[in-house]
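Descriptive analysis of the structure
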Amino acid sequence: MDDQTMQIIKNEFKNSADFVVKEVEIAGTAAFLCFYSTMIDAEAVNKQLRLLEDRVDKGANGWGSSASTSAEAFHKDKLVTAICEGSAVLIFPKSNLMLEIKAIKVPERSPDEPVNEQVVRGMHQGFVENFSSNIGLIRNKMKRPDLVVESFAMERTVSKLNIVYLADQAAPEVVQEVRERLSNMPNKEFYSSGQLEDYIEDRILSPFPQFLTTERPDRVTYNLLEGKVAIFTDSSPTTLLGPVNLFSFYESPDDYTSRVLVGSFYRLVRLLAFFLAILLPAFYISVMSFHSEILPVELTTQVKSSVKDIPYPPIFEALLLELFIELIREASIRLPQPIGQTVAIVGGIVIGDAIVSAGLASNQMVIVVAMTAIAGFVVPSPELNMVIRMLRFPFMILAATFGFLGMLIGTLILFVHLLNLSSLNQPYLSPVIPFDPTRFKDVFFRVPYFRPDRQQPFFRLGGKKAK
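Described in the following lines is the structure provided in the data block. (Residues numbered from 1 in each chain as written. Predicted model: local features only at pLDDT ≥ 70, side-chain atom pairs only at ≥ 80, totals over all residues. Heavy atoms only, no water.)

Looking at the packing of aromatic side chains
The geometry of two aromatic rings is summed up by the distance between their centres and the angle between their planes. Under the defined criterion, the tally for this structure stands at 12 aromatic pairs. A centroid spacing of 5.6 Å and a plane angle of 85° characterise the contact between F13 and Y36, whose relative ring orientation is edge-to-face. Residue F13 is located in the loop between α1 (3-12) and β1 (19-26), and its partner Y36 is located in strand β2 (residues 29-36); the two are separated by 23 residues in the primary sequence. Measuring from centroid to centroid gives 5.6 Å for F283 and F404, while their planes differ by 15°, and the two rings are stacked. You can see F283 sitting in helix α10 (residues 260-289) and its partner F404 sitting in helix α16 (residues 404-420), a full 121 residues away along the chain. (Phe/Tyr/Trp six-rings, centres within 6.5 Å; stacked < 30°, edge-to-face > 60°. Helix = DSSP H or I, 4+ residues; strand = E, 2+ residues; numbered from the N terminus.)

See the structure below:
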């Protein structure tokens, strides 16, 4: 290996400011140490070099024999891969050998509770951007030998995939399906769980999520006990859980830490909120545009007096206020937290009152939109919450065009879509359709946890991946 080769190596890393090539000497043997200064632990590298030198000094035949078990022939591609993954590589020009020194320095944050998944009672820890720390949190809660971890290395991405499941609980065909989908992924770069979902979910164009995302170890734990498979990416705190059904998104860790009746009541409230968040604005528009006769006489007079001065139909009121709510939500998310809270308060109270006073919307429409927004926020899953907010717009348009008939058409289309949707080839509406009496009760109620050694298996259904 000559100076020209070393120059090629430097050019391979584009002469980056944090790429270092350093001359060192190991027991009288000249070598080059290559690494990214921003990714390695310098103290750990120096310690490994001292240990290596002591080992070579104690060897009978010098460097060649003592290092033959750990060193390998120099290969540029392997060198690049090792350095990009955070290792330091020791190159010996005379013998054309190289040795990888693993001393990666990964900035980590403490496993605090996820901001978007807070619970009243339960575990107040969340995943971080390191898989070893995340699987440690799970193993601390589940001290079981059947907790299996399988790794998948992607050639062109910085992330490594890991699947976690309970061998005694997960359906073998589900685990095999996950393996096949991950193995058949094209070697493209991805850096988030959202990009990973695009490759492995059944129907990418469906608005409904087909994997449950979470950053909570306790939520992963009870889903593993139900037979699901967890997919981790090494650089993200977000975990994908599958297969799931529609009702999985309405389960919360609070259900299993509260009283049986309390947990059941609030689960029913969340399911009711799903229909309110989608259908309530459409119902109001239908009544005001086509079916005002269903209102009581006393209420009819009051409602008509409120909307008589509004210069456009109810659909435009609803679209104006819904768009206003979405703008407030986006602004409160993108701005710093103290400012975002101020924007939400000012926007929701001051501007909302000004819109009513200006005669641009009625009091009833403000109430309906506010109730709809609150019902949408009840959903424990942020992904399904976004789907609900999006679906209410086509329902409002159908209601403004055809009244109750339009709502019926929209509901049928939605129901047929959910019937044809699947998650890892498992029906999205199970255990309701197809009906499974052993699991049906746990959909709507928080069942008492009498016998933890007898978990209900997840519904199994073989078949090909949906196109």
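Description of the sheet that holds strand β6 (residues 147-153)
As summarised here, the arrangement of the five strands in space is β6-β7-β9-β10-β8, forming an open sheet in which the pairing is antiparallel. Looking at the sheet topology across the chains shown, the edges are occupied by β6 and β8 (212-214). Neighbour-to-neighbour, the strand axes of this sheet turn through a mean angle of 25°, independent of strand direction. Pairing of strand β9 (residues 229-233) with strand β10 (residues 239-242), which is carried by four bridges, proceeds in the antiparallel orientation. Across the sheet, F232 pairs through a bridge with T239, a residue of β10. (Pairing = 2+ DSSP bridges. Axes fitted to C-alpha atoms, helices over the stretch in contact; angles between N-to-C directions.)

What about the packing of α10 against helix α12 (residues 314-334)?
Contact geometry of α10 with α12 gives a least axis separation of 9 Å together with a crossing angle of 155°. Of the possible angle classes, the one that applies to α10 and α12 is roughly antiparallel. The chirality of how α10 crosses α12 is right-handed. Residues P281, I285, M288 and S289 of α10 lie in contact with α12, whose contacting residues are P314, I315, A318 and E322. (Parallel < 35°, antiparallel > 145°, perpendicular 65-115°, else oblique. Left-handed = near helix turned anticlockwise from the far one by under 90°. Contact = heavy atoms within 4.5 Å.)

A closer look at the environment of M98
With respect to the element layout, M98 can be found in strand β5 (residues 97-101). On a C-alpha basis, the gap between M98 and L79 in space is 8.2 Å, while along the polypeptide they are 19 residues apart. Dropping the residues within four chain positions of it, M98 is found in contact with A71, E72, A73, F74, H75, K78, L79, V89, L90 and I91.

Some details on the nonpolar core
Ranked by size, the top nonpolar core spans 59 residues in total, and within it I138, V164, F208, L224, Y250, L384 and I388 carry the most contacts. It is α10 that contributes the most residues to this core, 10 residues altogether. Those residues in contact with I138 that lie beyond four places of it in its chain are F127, L147, V220, L224 and F232. A170, I200, L240 and L424 belong to the second largest nonpolar core, which has 19 residues in total. (Core = buried A, V, L, I, M, F, W, Y, C linked by side-chain atoms within 4.5 Å. Buried < 20%, exposed > 50% of the residue type's maximum accessible area, 1.4 Å probe, protein only.)

A word on the side chain of S206
With respect to the secondary-structure elements, S206 resides in the loop between α7 (193-200) and β8. Excluding residues that lie within four positions of it along the chain, S206 makes contacts with H417 and L421.

A few points about the pairing of strand β7 (residues 160-166)
In terms of burial, β7 is largely enclosed, as six of its seven residues are buried. As defined by bridge partners, β6 adjoins β7 across seven bridges and the pair is classed as antiparallel. Bridge pairing in β7 links A153 to K160.

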